[in-house]
Amino acid sequence: MADLSTVFTGIRFENPFLLASAPPTESESNIMRAFEAGWGGVVTKTIGLHPVVNVRGPKTKFFRVPSGSASPSMAKQPDSTLMASWNWELISDKPMDWWIPRIERIKKAWPERVLVASIMAGSGNDKELAAWQTLVEGVQGAGADAIELNFSCPHMDRVDMGSNVGKDPVLCSVSTQAVKEVSRVPVWVKLTPATANIVEEAEATFRGGADAISSSNTFPALPLIDPETTEFEVHVDGYVSSGGLGGPAILPLSLAKMAQLTQAFPDREFSGIGGISGFDQALSYFLLGCGTAQVGTAAMLDHAIGPNVIRDLTEGMAAFLDRNAGRGWSSLADFRGLRRANVVSQSEIGRPGDAGYHGGYEEEAEGYAAEVPAPHG
Ligand SMILES: Cc1cc2nc3c(=O)[nH]c(=O)nc-3n(C[C@H](O)[C@H](O)[C@H](O)COP(=O)(O)O)c2cc1C
């Protein structure tokens, strides 16, 4: 089999595929099974200092579209296709003290596989910034190979947590800097896609010292309202709050965010997430410049940790390298970023014949009809 190994933020990966921070990585047994199945790395479910309590009832549901219809619903229906996941699950309901011995045991059993610890704290004051540092010291002491800062969870009420950090360039920069003061391992930052220009938050995060950016987390979304009952398809006592959309529906949205990032920072490292269920989708992220790819929804639906997904990813990549051996491609480094420069502005896209378009600006040869000279006399 082809050599799928790669180096990302200085860490060697057997293959560039990781389970994203989500239910597949919420326990020691899941992570052990994931490594057995062949995942190159895992990002743990996000770890905080204190336990959290989730809502009553289901935390994740799936939008499906019946065959031949464009009417998504969370209701069980025969012969339907997955469109997206929707969740309002908080971070790990187990705090750091629960995770530390488990990270130690996982790393002891799988020293060559990569364990990235996802962490989250508040960012509003020095006490909160110290909480980030306590988390870093805990997880890196236990053996985590890298840390991913969660600036992207869309369900946090606190204005200085989760995606509210990722929406504020100052908090992005200050929190990353606090982490970098004590970290001895690479620091990845997972940004929210729910901002006007993700390049601004990325710039602040790199200024704070981040080694890589992961994108995307889920996109803010609501369940639909059932036309029969006029209640939301997911609710508790009739109420719902904004959750996050993942899976196939967000693949093109997430690629657009990634293209902005890799173009703005062509020399930086990026981990692509969003709508990946096999190698074909991961390839889009690689061709835009990503050095690793992460999977959430697809793995949740495949025996909880994605044994078939990782098989498709690794076999798909090996077959792709084989097919393209004639182009001199023998590793990810040979094709990474190949299509980064192919995302351009509208006016740079070819038009029929010699017609030109100048982005809506008035200019000669605009593409509109030439001005007709005023008739004399
Ligand atoms: C049920 C669920 C729980 C998640 N929990 C976390 C989390 O704790 N921390 C985090 O950074 N991302 C979390 N995510 C986001 C995923 O890591 C991933 O960014 C997102 O689902 C998009 O990838 P996908 O399309 O492969 O699902 C969660 C996603 C789901 C579906």
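Our subject is the structure that appears above.
None of the values given here were measured: they were computed from a predicted structure.

Caption draft 1: Region of interest: the sheet that holds strand β3 (residues 17-19). Taking strand neighbours around the barrel as the criterion, the eight strands line up as β3-β4-β7-β8-β9-β10-β13-β14 in a closed arrangement whose pairing is parallel. Between one strand axis and the next, the sheet turns by 25° as a mean value, whatever way the strands run.

Caption draft 2: Local environment of the packing of helix α8 (residues 279-288) against helix α10 (residues 307-323). Where α8 meets α10, the axes come as close as 9 Å, and the angle between the chain directions of the two elements is 65°. Regarding α8 and α10, the two cross each other, and that crossing is right-handed. Taking contact as the criterion, the partners of Phe279, Ala282 and Leu283 in α8 are, on α10, Asp312, Leu313, Gly316, Met317 and Phe320. Its residues assigned to classes, the contact of α8 with α10 shows six nonpolar, one polar and one charged.

Caption draft 3: Quick peek at the pattern of salt bridges. Summed over all chains, the structure comprises 11 salt bridges. The residue Asp237 makes a salt bridge to Arg56 at a minimum N-O spacing of 3.0 Å. Pair noted here: Asp237 is in the loop between β11 (219-221) and β12 (243-246) and Arg56 is in the loop between β4 (41-43) and β5 (60-66), with a separation of 181 residues, a long-range link. Taking relative accessible area as the criterion, Arg56 reaches 58% and is therefore assigned exposed. The residue Arg158 makes a salt bridge to Asp160 at a minimum N-O spacing of 2.9 Å. Assessed through its relative accessible area of 36%, Arg158 is described here as partly exposed. When its relative accessible area of 10% is taken as the criterion, Asp160 is described as buried. Salt bridges linked by common partners bring Lys45, Lys59 and Glu89 together as one network.

Caption draft 4: Broad picture of helix α3 (residues 126-142). For α3, with 17 residues, the first-to-last C-alpha span of 25 Å sits near the 24 Å given by 1.5 Å per residue. Considered for burial, the residues of α3 that qualify are Glu128, Leu129, Ala131, Trp132, Gln133, Leu135, Val136, Gly138, Val139, Gln140 and Ala142. Packed against the buried residues of α3 are α2 (96-109), β7 (114-119), β8 (146-151) and α5 (169-182). Where α3 starts, the residue carrying a side-chain oxygen 3.1 Å from the main-chain nitrogen of Lys127 turns out to be Asn125. Directly beyond the C-terminal end of α3, a positive phi value near 115° is found at Gly143.

Thresholds, definitions, all that
- Residues numbered from 1 in each chain as written.
- Predicted model: local features only at pLDDT ≥ 70, side-chain atom pairs only at ≥ 80, totals over all residues.
- Heavy atoms only, no water.
- Pairing = 2+ DSSP bridges.
- Helix = DSSP H or I, 4+ residues; strand = E, 2+ residues; numbered from the N terminus.
- Axes fitted to C-alpha atoms, helices over the stretch in contact; angles between N-to-C directions.
- Left-handed = near helix turned anticlockwise from the far one by under 90°.
- Contact = heavy atoms within 4.5 Å.
- Nonpolar A, V, L, I, M, F, W, Y, C, P; charged D, E, K, R; others polar.
- Salt bridge = Lys/Arg side-chain N within 4 Å of Asp/Glu carboxyl O.
- Buried < 20%, exposed > 50% of the residue type's maximum accessible area, 1.4 Å probe, protein only.
- Expected span 1.5 Å × (residues − 1).
- Polar contact = N/O pair within 3.5 Å; in protein donor to acceptor, adjacent residues only side chain to side chain.

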